[in-house]
Amino acid sequence: LDQIARRGLTPIDLQANRAAEVWWKRDISLSAAGGTLKPSELERFFFTLSAMLRAGFSLPRAISFCEKQCRDFRTTRAIGTVKEELENGAPLGQAMRSAGAAFPERFISLVATGEAANQLEALATQAAMLLASETRLRRELRASLIYPAILLAMSTLVMGVIIFYLAPTLLPVFSAAGANPPKLLSFLAATSQALTA
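Residues numbered from 1 in each chain as written. Predicted model: local features only at pLDDT ≥ 70, side-chain atom pairs only at ≥ 80, totals over all residues. Heavy atoms only, no water.

Visitor: Explain helix α3 (residues 59-69) to me, please; I cannot follow it from the model alone.
Guide: In an α-helix, one turn spans 3.6 residues; hence positions three or four apart end up facing the same way. Residues of α3 that are buried include every one of Leu59, Ala62, Ile63, Ser64, Cys66 and Glu67, and no others. Close packing links the buried residues of α3 with α2 (39-54), α4 (73-87), α5 (92-97), α6 (105-116) and α7 (120-177). (Buried < 20%, exposed > 50% of the residue type's maximum accessible area, 1.4 Å probe, protein only. Helix = DSSP H or I, 4+ residues; strand = E, 2+ residues; numbered from the N terminus. Contact = heavy atoms within 4.5 Å.)

Visitor: Just checking my understanding: could you explain the nonpolar core for this structure?
Guide: Burial of nonpolar side chains together is a common tendency in soluble globular proteins. Phe46, Leu49, Ile63, Val82, Leu92 and Phe103 are the most contacted members of the largest nonpolar core, which totals 32 residues. Those elements that provide at least two residues to this core are α2, α3, α4, α5, α6 and α7. When near neighbours in sequence (up to four residues on either side) are disregarded, valine 82 contacts Ile63, Leu92, Ala95, Met96, Ala99 and Phe103. (Core = buried A, V, L, I, M, F, W, Y, C linked by side-chain atoms within 4.5 Å.)

Visitor: Teacher, can you tell me more about unusual backbone geometry here?
Guide: Peptide bonds are mostly trans, and most non-glycine residues show a negative phi. The phi torsion at asparagine 118 lies on the positive side, around 60°, for a residue other than glycine. The class of asparagine 118 is exposed, set by a relative accessible area of 69%.

Visitor: Would you explain the packing of α6 against α7 in this entry?
Guide: Taken N-terminus to C-terminus, the directions of α6 and α7 make an angle of 155°; their axes are 8 Å apart at the nearest point. Our classification of the angle between α6 and α7 gives roughly antiparallel. As for the relative orientation of α6 and α7, their crossing is right-handed in sense. Residues Arg106, Phe107, Leu110, Val111, Thr113, Gly114 and Glu115 of α6 form the contact with α7, whose own contacting residues are Leu120, Leu123, Ala127, Leu130, Leu131 and Glu134. Classifying every residue of the contact of α6 with α7 gives 8 nonpolar, 2 polar and 3 charged. (Axes fitted to C-alpha atoms, helices over the stretch in contact; angles between N-to-C directions. Parallel < 35°, antiparallel > 145°, perpendicular 65-115°, else oblique. Left-handed = near helix turned anticlockwise from the far one by under 90°. Nonpolar A, V, L, I, M, F, W, Y, C, P; charged D, E, K, R; others polar.)

Visitor: Is there a simple way to explain the pattern of salt bridges in this structure?
Guide: Opposite charge on two side chains lets them pair, provided their charged atoms get close. Scanning the model with the defined rule gives 5 salt bridges in all. Linking glutamate 121 and arginine 54 is a salt bridge whose minimum nitrogen-to-oxygen distance equals 3.2 Å. With glutamate 121 in helix α7 and arginine 54 in helix α2, this pair connects stretches of sequence that are 67 residues apart. Its relative accessible area of 28% is what places glutamate 121 among the partly exposed residues. Residue class for arginine 54 comes out exposed when judged on its relative accessible area of 54%. In this structure, arginine 97 and glutamate 105 form a salt bridge, with 2.5 Å as the shortest nitrogen-oxygen distance. (Salt bridge = Lys/Arg side-chain N within 4 Å of Asp/Glu carboxyl O.)

Visitor: Looking at this model, I keep getting lost on the environment of threonine 113. Mind explaining?
Guide: Assignment of secondary structure puts threonine 113 in helix α6. Separated by 112 residues in sequence, threonine 113 and leucine 1 place their C-alpha atoms 7.8 Å apart. Setting aside residues up to four positions removed in sequence, threonine 113 forms contacts with Leu1, Pro11 and Leu123. Among the polar contacts made by the side chain of threonine 113, one reaches the main-chain carbonyl oxygen of serine 109 at a distance of 2.8 Å. (Polar contact = N/O pair within 3.5 Å; in protein donor to acceptor, adjacent residues only side chain to side chain.)

Visitor: Even after reading the chapter, I still don't get a nonpolar patch on the surface, so can you show me in this structure?
Guide: A cluster of nonpolar side chains, namely Ile146, Ile150, Met154, Leu157, Val161, Tyr165, Leu166, Leu170 and Val173, defines an oily patch on the protein surface of about 850 Å² accessible area. With respect to the helices and strands, the residue isoleucine 146 is situated in helix α7. (Patch = residues over 30% accessible without salt bridge, like charges linked within 9 Å, V, L, I, M, F, W, Y side chains within 5 Å. Areas by Shrake-Rupley, 256 points an atom, 1.4 Å probe, with all protein chains shown as cover.)

Everything listed here is a matter of coordinates, which is why it stays silent on function.
Written out as structure tokens, the structure reads:
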């Protein structure tokens, strides 16, 4: 950590050296993992913590201020646990770990690294910015999924109209003319009868 700090670098991510999973085996989540605080609450916590440390407040006072600014009960309870552990002499990373699954492990590791390198304020800012970018990406992903969902719903509706209304009404026309209906129309009519049955 000292070598990294002397070079002016700030580690923001640490992972085991293993082969990356193929894309179809990776977990995709559009919401916070089970038990963790909402990303917006975590972002607000890290931004507030960073601002308070930048203003020269001590860590316990900064955490206490963060607790008072919370609007979410779970976040208030988790930060209260962190504050109690800090008052008992635990480092911030360990105090955050004691709050259970409220804080993701990657941010706990980031905070522990920031404490060890005496760069807690900078790393809290980076954590908040990372959470903000993740929230923005999640919002864009949800927005991009709306259009395909609408298309899927409309195509299902159109297919339903064709199968259950249009195909059965066209068959008598071909029967009256004494002509064989097209294979596709016969297939749609048979599908309609099967689904109705």
